[in-house]
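Structural characterization, general
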Amino acid sequence: MAETRKLVINFAEVKRGDVGTVGGKNASLGEMISTLAPKGILVPAGFATTADAFRAYLTHNNLNAEMAKHLDALATGKITLNSAGERVRDLILGGDWPKDTADAILSEYRALGDTTGEKNVPVAVRSSATAEDLPDASFAGQQETFLNVIGEAALLDACKRCYASLYTDRAISYRTIQGFAHDQVALSVGVQRMVRADTGGSGVMFSIDTESGFPDAVLINAAWGLGENVVQGAVDPDEYQVFKPFLKNPKLTPILEKRLGAKEIKMIHGRDGTPRNVPTSKAERKQFVLNDGEILSLARQAAIIEDHYGQPMDMEWARDGVTGTLYIVQARPETVQSRLDMGTLKSYAVENPGRELLTGLSVGSAAVAGRVSIIESAGDIDRFVDGSVLVTGTTDPDWVPIMKRAAAIVTDHGGRTSHAAIVSRELGLPAIVGCGNATHILHDEQDVTVSCAGGEEGVVTEGLSEIKVTEEALEKLPDTRTKVMLNLANPSAALRWWRLPVEGVGLARMEFVVNGAVRVHPMALAHLDRVTDPAAREEIEKLTAGYDSKPEYFVDKLSRGLSRIAAFCYPKPVIVRMSDFKTNEYADLLGGRDFEPKEENPMLGFRGASRYYSDNYRDGFALECQAIARLRNQMGFDNVVMMIPFCRTPEEADKVLAVMAEHGLKRGQDGLEVYVMCEIPANVIRAAEFAERFDGFSIGSNDLTQLTLGIDRDSDELAPLFREDDPAVLWMIETVIREAHKAGSKVGFCGQAPSNDPAYAKYLVEYGIDSISVTPDSFVQVLRNVETAESD
Ligand code: PEP
Ligand code: MG
């Protein structure tokens, strides 16, 4: 009993079970300090006041009856929330500290400074609401925090203000709505040594991917200065993502994503010590807040913390600008993805979207059409039209009541861990954050469609588009002998497929990743001096700013883009096909015109294998190879299989394999497998010779049908004749499967046919195909058809 009567407890003695004494936030800080320090988790030292101290304060000042009187008056509608809140807060602020509590706080405060010989050590003072049975009785950011509090008088004052903040208007109304009795909730104040993040950086991180719930990726947001801007969404932070399973191997750098945020402002300590925002310098905006070592170190800490708590976690971190040390300053359970129904997978598609109005970071994967309601400040929230799309600069807890009534949320500022993003996710609403200027571009009562369905980039388009929703039940999916895999092209949406029971990726078309993530022709990066278009050169310079070299930009962007596809189903195989643009498509890449011939028939032209050993593309192919080597060796994705498209002869195959070996990608070495596309009749006719050179075939019915029937695959006129089930095409498929199997080679299928018509799977199963790869929308249907065909 004596233990629970304590007024102040040092964090070193607090455990996670002490929620009733010090609240969820402080209990978890204490738990980390007392148990995770040996594992390398650094949490700034400090102490917490207890719920008993709070109650003693109220009793000492005879406040209970007075407070109850005002709150009852509010409950019966005699006074407004505004005046009830103010009266209760005034009562608390007007109280005196009981001597024993003040002594206990100040003695711990002095001890905190003694460890480093500092007097008046700067501290962060935070509120942690406590309720007997609740891990956390507060909604994101409900009570006050005071940073850089210096000196004894200031500390006691800040503690008192924290007490009063248990009765902010929004905290009162939150408890009323949730049905918590006010007098059952107490407040514990956490006092921690201040991390000098004002001259360093800070941010938020989650031990899972917040959008897809993918459990193997850590998401980190980072900005310069103190962390409040990231939490509130006042700044557009850097975003990093790390693949957790490889963190135990110190040789690997599994960073799936590094996105530079605008970071226009940073919070520092003003002259009087109180935090204030100042603009960042140009150099700060262009620079990542964290280096690779720091990103990996934080991700490792996230994994350790998650492991310790046995559940996905939501954390805040800070880097001391003086020492460079990284600290964890808060950790609590992630509440959104962990509560979602895992049994179904919902996907959204916008039909015939209108003109693109703006883009930002998507939150969730839903889409919705609705009417815009622009609200500039919290004072105007009465103007919000229920059910409309809330468009605003940024949000804080005062906005929650209208966020609950919105169809979607669009903000100018903030990252994926901002208040707006967190609340939207909690409410299950699509949101697009950090759009830059949504409040200017959109106008009230405008009809728009808000879509987060396309991956990491959220898009607002004109008009009310129709939205197609498909829901897949993921329980009771059959186990099939034939492997069913995915064709994926969009790295930014790849993680969302982790719940599908896929056997890997049968086709990742590199050219799509080049188009979306790189945008520049690889030869233009290898030989910028040969780019004649000044506008293209300028754009290339802009895109590659901050990179050590132009080629490095290509290798970095491509390997990271592909890594997301390689990660979501690791360790299942992911077949990455080397670039297969046609010359007209290559020419459309930035700087591409100077490197591509003009062809009458690009479909039958300088494409696929023929390019890779040619002097006209060799240096570009070298960069593609470097990206694959980095992906496999440095990042750790040894599940990546290479595939060569449009390989016309076995002699061509030999040349390409030789060039790959020059770049350290030797078939068979370090488990590297290399496949060849079967999409030219020659691949079928000389199957045995191709089988000697490759580990497997993947049938591309799009080109194989085009070249077997002699029909341009893009011809509208001949579309009715373009049939993958034409007997001639089926003969090709049956033959190559037989011949390849005879030679001991594996055969998969990655053409569009079964994705368009899941019934097509029956031919392939009948011919004994090893795997079928389809687009995600038809995966479940194809799986079922494969099961039926296998049991026939
Ligand atoms: C094919 O030809 O069937 C194929 C999968 O490749 P692509 O569609 O990219 O040409
Ligand atoms: Mg093809």
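Every value quoted in this text rests on a predicted model; they were computed, and no experiment measured them. (Residues numbered from 1 in each chain as written. Chains lettered and ligands numbered in written order. Predicted model: local features only at pLDDT ≥ 70, side-chain atom pairs only at ≥ 80, totals over all residues. Heavy atoms only, no water.)

1. Quick look at the site of ligand 1
Taken together, 13 residues lie around ligand 1, and Arg509, Arg577, Gly700, Asn702 and Arg713 are the ones closest in. Asn702 has a polar backbone atom sitting 2.8 Å from an oxygen atom of ligand 1. In this structure, Asp703 approaches ligand 1 through a side-chain N or O atom, which is 3.0 Å from an oxygen atom. When the free accessible area of ligand 1 is taken as 290 Å², the share hidden by the protein chains comes to 96%. When residues of the shell around ligand 1 are traced back to their parent elements, those giving at least two are β24 (505–509) and α24 (701–709). Among the residues making up the shell around ligand 1, the classes are represented as three nonpolar, four polar and six charged. (Near = heavy atom within 4 Å. Polar contact = N/O pair within 3.5 Å; in protein donor to acceptor, adjacent residues only side chain to side chain. Areas by Shrake-Rupley, 256 points an atom, 1.4 Å probe, with all protein chains shown as cover. Helix = DSSP H or I, 4+ residues; strand = E, 2+ residues; numbered from the N terminus. Nonpolar A, V, L, I, M, F, W, Y, C, P; charged D, E, K, R; others polar.)

2. Quick word on the domain arrangement of the protein
Taken domain by domain, the protein consists of domain 1 (2–194), domain 2 (198–338), domain 3 (342–472) and domain 4 (483–493 + 500–672). Centre-to-centre, using C-alpha coordinates, domain 1 lies 35 Å away from domain 3. (Domains from an automatic or database assignment.)

3. Here we look at helix α6 (residues 152–164)
For α6, built from 13 residues, the straight-helix expectation of 18 Å at 1.5 Å per residue is met to within 8% by its first-to-last C-alpha distance of 19 Å. Three or more residues of α6 are buried, namely Leu155, Leu156, Ala158, Cys159, Lys160, Cys162, Tyr163 and Ala164. (Expected span 1.5 Å × (residues − 1). Buried < 20%, exposed > 50% of the residue type's maximum accessible area, 1.4 Å probe, protein only.)

4. Quick look at the coordination of the magnesium ion (ligand 2)
Between any two of four tetrahedral donors, the ideal angle at the metal is 109.5 degrees; between two of six octahedral donors, it is 90 or 180 degrees. Only Glu679 (OE) and Asp703 (OD) from the protein coordinate the magnesium ion (ligand 2), and they sit 2.0 to 2.1 Å from it. Of the two residues, Glu679 sits in the loop between β27 (674–678) and α22 (681–685) while Asp703 sits in helix α24, which places them 24 residues apart along the sequence. Look at Glu679 and you get buried, because its relative accessible area is 1%. (Donors = N, O, S within 2.8 Å, 3.2 Å for Na, K, Ca; no water.)

5. Structural notes on the sheet that holds strand β3 (residues 123–130)
A sheet is described by the order of its strands in space; here five strands give the open sequence β1-β2-β5-β3-β4, paired in antiparallel fashion. Of all strands in the sheet, those bounded by a partner on one side alone are β1 (8–10) and β4 (145–149). Taken over all neighbouring pairs, the strand axes of this sheet differ in orientation by 20° on average, direction set aside. Sheet topology places β3 next to strand β5 (residues 186–193); eight bridges connect them, and they run antiparallel. Counted as the bridge partner of Val125 is Val191 from β5. (Pairing = 2+ DSSP bridges. Axes fitted to C-alpha atoms, helices over the stretch in contact; angles between N-to-C directions.)

6. Considering unusual backbone geometry
Note the cis peptide between Tyr570 and Pro571, where omega equals 5°. If you trace the backbone, Pro571 turns up in the loop between α17 (550–567) and β25 (574–577). In this structure, Lys263 takes a positive phi of about 45° despite not being glycine. Its identity is not glycine, yet Asp670 carries a phi of approximately 50°, on the positive side. Following the sequence through the fold, Asp670 ends up in the loop between α21 (650–662) and β27. Using a relative accessible area of 58% as the deciding quantity, one classes Asp670 as exposed.

7. Some remarks on the pairing of strand β17 (residues 389–392)
Neither face of β17 is left uncovered, since the one carrying Val389 and Val391 and the one carrying Leu390 and Thr392 both have all their residues buried. Bridge count for β17 against strand β18 (residues 408–411) is four bridges, and the pairing is parallel. Across the sheet, the residue bridging to Val389 is Ala408, located in β18.

8. Some remarks on the UniProt feature "domain: PEP-utilising enzyme C-terminal" (unreviewed entry) in the protein
Mapped onto the present numbering, the UniProt feature "domain: PEP-utilising enzyme C-terminal" (unreviewed entry) falls at residues 477–787. Here residues 477–787 runs as 44% helix and 12% strand, with 10 Å between its end C-alpha atoms. (UniProt positions renumbered as here; feature names shortened; annotations may be inferred.)

9. Some details on a negative patch on the surface
Among the surface-exposed residues, Asp712, Asp714, Asp716 and Glu717 lie close enough to one another that they form a single negatively charged patch. Looking at where Asp714 falls in the secondary structure, it is placed in the loop between α24 and α25 (727–742). (Patch = residues over 30% accessible without salt bridge, like charges linked within 9 Å, V, L, I, M, F, W, Y side chains within 5 Å. Salt bridge = Lys/Arg side-chain N within 4 Å of Asp/Glu carboxyl O. Lys, Arg positive; Asp, Glu negative; His and termini not counted. Charge placed at Lys NZ, Arg CZ, Asp CG, Glu CD.)

10. What about the pattern of salt bridges?
Under the defined criterion, the tally for this structure stands at 48 salt bridges. One salt bridge in this structure joins Arg577 and Asp580, with 3.8 Å as the shortest N-O distance. Neither Arg577 nor Asp580 differs from the other in exposure class; each is buried. Between Asp615 and Arg618 there is a salt bridge, with its nearest N and O atoms 3.7 Å apart. Each member of the salt-bridge network shares a partner with another, and the members are Glu239, Glu257, Arg259, Arg416, Glu456 and Arg564.

11. Comments concerning the environment of His440
Among the secondary structure elements, His440 is positioned in helix α13 (residues 438–441). Residue His440 is classed as exposed on the basis of its relative accessible area, which comes to 71%. Considering only alpha carbons, one finds His440 and Asn249, 191 residues apart in sequence, at a separation of 48 Å.

12. Let's talk about the UniProt feature "domain: PEP-utilising enzyme mobile" (unreviewed entry) in the protein
Under the UniProt annotation, the feature "domain: PEP-utilising enzyme mobile" (unreviewed entry) is placed at residues 386–454. Between the end C-alpha atoms of residues 386–454 there is a gap of 26 Å, over a span that is 25% helix and 23% strand.

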